[in-house]
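One-letter residues, chain by chain:
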Amino acid sequence: MIRRLFIANRGEIALRIIRTARAMGLVSVLGVSEADRHSLPALSADEVVVIGPAPSAQSYLDVAAVVAAARAGRADAVHPGYGFLSENAAFAQAVAAAGMIFVGPDLASLTAMGDKLMARTVGIAAGLPVVPGGEAADKAAARAQAAHTGYPLLLKAVSGGGGRGMKRVDAPDQLDAQIDMAMAEAQAAFGDPRVYVERFIARGRHVEVQVLGDGHEAIHLGTRDCSIQRRFQKLVEEAPAPAIPADKRAAIEVAAVNLARHLRYRGAGTVEFLVDAETFDFYFLEMNARIQVEHPVTEAITGVDLIEQQILIAGGARLSLRQGDIRPLGHAIEVRINAEDWRADFRPSPGRVTRAAWPAGSGIRIDTHIASGGEVPPYYDSLIGKLIVAAPTRAQAVALLARALDHLTIEGVDTTRDLHRAIVADPRFVTGGVDTRFFEGLAA
Amino acid sequence: MSTPDLPLSPEDVAEIAAILDGTAYQRLDVTTARFRLRVARDGDGFTQEWTFGEDAAPAATVEAVATADTGPGIRAPLPGTFYRAPAPGAPPFVEPGATVGPDTVVGIIETMKLMNPVHAGAHGTIAEVLVDNATMVAKGTVLMRLDDTAP
């Protein structure tokens, strides 16, 4: 039985979790860094415990300090939110060792989804399609793998991430030179020369499926499309994923549920797929074993409070929802309002928000921790709020989003508002179903 | 620190806007000891603006390094942690006496997990470094004095 819930996070997601905790009659105990003592979440929580100094490494990312703060707050459960320690197996273990419930999946699921190669192996075992390819320890192995995979292909560093050490190879005669370069770069950047050969999907979409599991049963809550990204950072998310044939969408949803069943997954999770924008063939990428930033678009079309489901499942309850209970209605779109000067290469823009006027009205939801006078500290990420719109059709949601952005005024820091205005005015976005190259082609 | 209840849910605010929409009023202000909410008509839609009480006003989180605001200097382009060298243990980007141009990188500022270069911004000679390595600085803090008299 959970009575006192410790929230090991900050910003809008901390406030979001406090709201649901309150609605469920739980005592919310918020862990804060010194910089966040006077934040809106800190003012809203029932109780506040200081974890440590402002830098994340000494507060929100310090496993021992967070667990100590949760114990000091006499919590019986810990909600990690997203980011920070939310997918850290050692943290989940430490929380359990201290006699508290970790609001998240079992250690086995966290470990299985811990790195991309491991996730791929588990995905294959669960019968999910994965992008054709494989690891290559040396040049000869890479050649053999390339012959198998076909062209165009991507060479990726096994230990890499964030796009570093990636090479595109269009034809066999370019392979040797590119392998040499990829291995040298991988060695220099990550101290590990191993590369990974993967089929290159020219026009790919990022589509993910929200799942809930209780260790016995698993259901899905439909798709989200997050193809509009910059350097692998999502900017816009919508639900359901638009312009996908119904049979393909259903197949993606079934695959996600199959993975959750295979893992005997407990909690809320997101199964990510790469979808070919031309053929709609789909490939499993990874699973995020936590709540996602973009969860409100799913809540908007299903009416399910995902944080409440997480807490109920963590408390030991079986799923009360059946697949047939989930009947997504309408269309929802979320844009992330970040404190960044997007015209100056997205330079961070922390500081005091002198005025924050957020849009309001029917079909509009604002998840933010920033009111007029609010402080955006320089220590953490730049998300200051999310604007979520919902309407019966996608066209209506797009129109509502355009109007809502016109009624959004943030003074004191730079924001990505005008970037979103450019996106919402782009004919490709209005049509729907864009691929991940959308941002490169944005005329702003 | 604890407050008995969150002011209003997003659904409450949407409802207030809907009520306002059916009237001739331009805006509705709710002021309590703890917060002020203004829901206002704005063209074809509505805005919501929150302010929390005096006690709730967030304290400044950046302790700025006090420096004289006069003379030519290289200023922090944004708030964050100032570093003089590209990596721990590496030699500093510049030392006093170094000749620099507008695009010379003289340091970096770590903000929101990103490293941002600090450029000299003008031709000249570094006269003095005013801020220690790994110090939190406010936007506009003078980091170095630049002697920009003709070389």
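Every chain is numbered on its own, with residues counted from 1 as its sequence reads. Whichever chain is written first is A, and whichever ligand is written first is 1; the rest continue in order. Local features in a predicted model are, by the rule used here, given only for residues with pLDDT of at least 70; side-chain atom pairs are given and counted only at 80 or more, and totals for whole chains, interfaces and linings are based on all residues. Note that water and hydrogens are dropped before the side-chain values are worked out from all heavy atoms of the structure.

1. Focus on the overall build of chain A
Moving on, step 1. Each helix and strand in chain A was counted, giving 14 helices and 23 strands.
Moving on, step 2. Relative to the compact-globule value of 22 Å for 444 residues, chain A shows a C-alpha radius of gyration of 22 Å, a close match.
Moving on, step 3. With the principal axes as the frame, chain A shows a C-alpha extent of 65 × 50 × 45 Å.
Moving on, step 4. Burial classes: relative accessible area under 20% of the type maximum marks a residue as buried, over 50% as exposed, and values in between as partly exposed (1.4 Å probe, protein chains only). For chain A, the proportion of its 444 residues judged to be buried stands at 60%.
Moving on, step 5. Here, two residues are considered to be in contact whenever any of their heavy atoms come within 4.5 Å of each other. In chain A, 64% of the contacts between residues at least 6 apart in sequence involve partners at least 24 apart.
Moving on, step 6. Just so you have it, chain A exposes about 16,500 Å², and 51% of that area is on carbon and sulfur atoms. Put simply, DSSP H or I for four residues or longer makes a helix, DSSP E for two residues or longer makes a strand, and each gets a number counted from the N terminus. For the radius of gyration, the atoms used are the C-alpha atoms, and the globule rule reads 2.2 Å times the number of residues raised to 0.38. All accessibility values rest on the Shrake-Rupley procedure with a 1.4 Å probe; residue burial counts only the protein chains present in the view.

2. Here's the deal with the pattern of salt bridges
Residue and element names in this part refer to chain A.
Moving on, step 1. By salt bridge we mean one thing: a side-chain nitrogen of Lys or Arg within 4 Å of a carboxyl oxygen of Asp or Glu. For the coordinates displayed, the defined rule picks out 43 salt bridges over all chains.
Moving on, step 2. Between R336 and E237 there is a salt bridge, and its shortest N-O distance comes to 2.6 Å. With R336 in strand β15 (residues 331–338) and E237 in strand β12 (residues 233–239), this residue pair connects regions lying 99 residues apart in the sequence.
Moving on, step 3. With a closest N to O distance of 3.0 Å, R428 and D426 form a salt bridge.
Moving on, step 4. According to the relative accessible area criterion, R428 is partly exposed, its value standing at 32%.
Moving on, step 5. Connected via shared salt-bridge partners are E208, R224, K234, E237, E272, E294 and R336.

3. Concerning the nonpolar core
Residue and element names in this part refer to chain A.
Moving on, step 1. Within the largest apolar cluster, 87 residues are counted, with the highest numbers of intra-cluster contacts made by F6, F91, M113, L212, L259, F273 and F284.
Moving on, step 2. Broken down by element, this core gets its largest block of residues, 6 residues, from helix α9 (residues 246–262).
Moving on, step 3. When residues of this core are sorted by domain, at least three fall in each of domain 1 (4–103) and domain 3 (204–441).
Moving on, step 4. Sequence-distant contacts of F6, defined by excluding residues within four places in its chain, comprise V29, L30, G31, V49, V66, A69, A70, A75, A77, V78 and H79.
Moving on, step 5. What we call a nonpolar core is a set of buried Ala, Val, Leu, Ile, Met, Phe, Trp, Tyr and Cys residues that are connected through their side-chain atoms within 4.5 Å. Membership of the second largest hydrophobic core comes to 37 residues, among which are W358, A397, L405 and I423. As used throughout, domain bounds are those supplied by an automatic or database domain assignment.

4. Notes on the interface of chain B and chain A
It is common to report an interface's size as the accessible area lost on association of the parts.
Moving on, step 1. Counting residues at the interface gives 38 residues for chain B and 45 residues for chain A.
Moving on, step 2. The term buried area means the drop in 1.4 Å probe accessible area that two parts suffer when joined, counted for both and summed. Interface of chain B and chain A: buried area, both sides summed, is about 3,500 Å²; carbon and sulfur atoms make up 60% of it.
Moving on, step 3. Between the two partners, chain B and chain A, sit 1 salt bridge.
Moving on, step 4. For the salt bridge of E49 of chain B with R355 of chain A, the shortest nitrogen-to-oxygen distance reads 2.9 Å.

5. Notes on the pairing of β15 of chain A
Residue and element names in this part refer to chain A.
Moving on, step 1. With 8 of 8 residues buried, β15 lies mostly within the body of the structure.
Moving on, step 2. Relative to β15, β12 runs antiparallel, the two sharing 4 bridges. Of the residues in β15, the one forming a bridge with A239 is A332.
Moving on, step 3. Strands qualify as paired when DSSP identifies two bridges or more between them. Summarising the sheet, β15 and strand β22 (residues 383–391) pair through 8 bridges and their orientation is antiparallel. Pairing of E334 across the sheet is with I388, part of β22.

6. Points about the sheet that holds strand β11 (residues 218–230) of chain A
Residue and element names in this part refer to chain A.
Moving on, step 1. Pairing within the open sheet is antiparallel, and its 8 strands lie in the order β14-β13-β10-β11-β12-β15-β22-β20. Each edge of the sheet is formed by a strand with only one pairing partner; in this case those strands are β14 (282–288) and β20 (364–368). In this sheet, adjacent strand axes meet at a mean angle of 25 degrees when their direction is disregarded.
Moving on, step 2. For helices, the fitted line uses only the C-alpha atoms of the stretch in contact; every axis is such a line through C-alpha atoms, and the angle between N-to-C directions lies from 0 to 180 degrees. Contacting β20 and β22, helix α1 (residues 11–23) crosses the sheet at an angle of about 110 degrees to β20.

7. Remarks on the domain arrangement of chain B
Moving on, step 1. The assigned domain composition of chain B is domain 1 (10–56) and domain 2 (73–147).
Moving on, step 2. Domain 1 of chain B and domain 2 of chain B are separated by 44 Å when their C-alpha centres are compared.

8. Overview of helix α10 (residues 295–302) of chain A
All names here are of chain A.
Moving on, step 1. Here α10 lies mainly inside the structure; 7 of its 8 residues are buried.
Moving on, step 2. For α10, the complete set of buried residues consists of H295, P296, V297, T298, E299, I301 and T302.
Moving on, step 3. Backbone geometry just downstream of α10 places G303 in the positive-phi region, at approximately 75 degrees.

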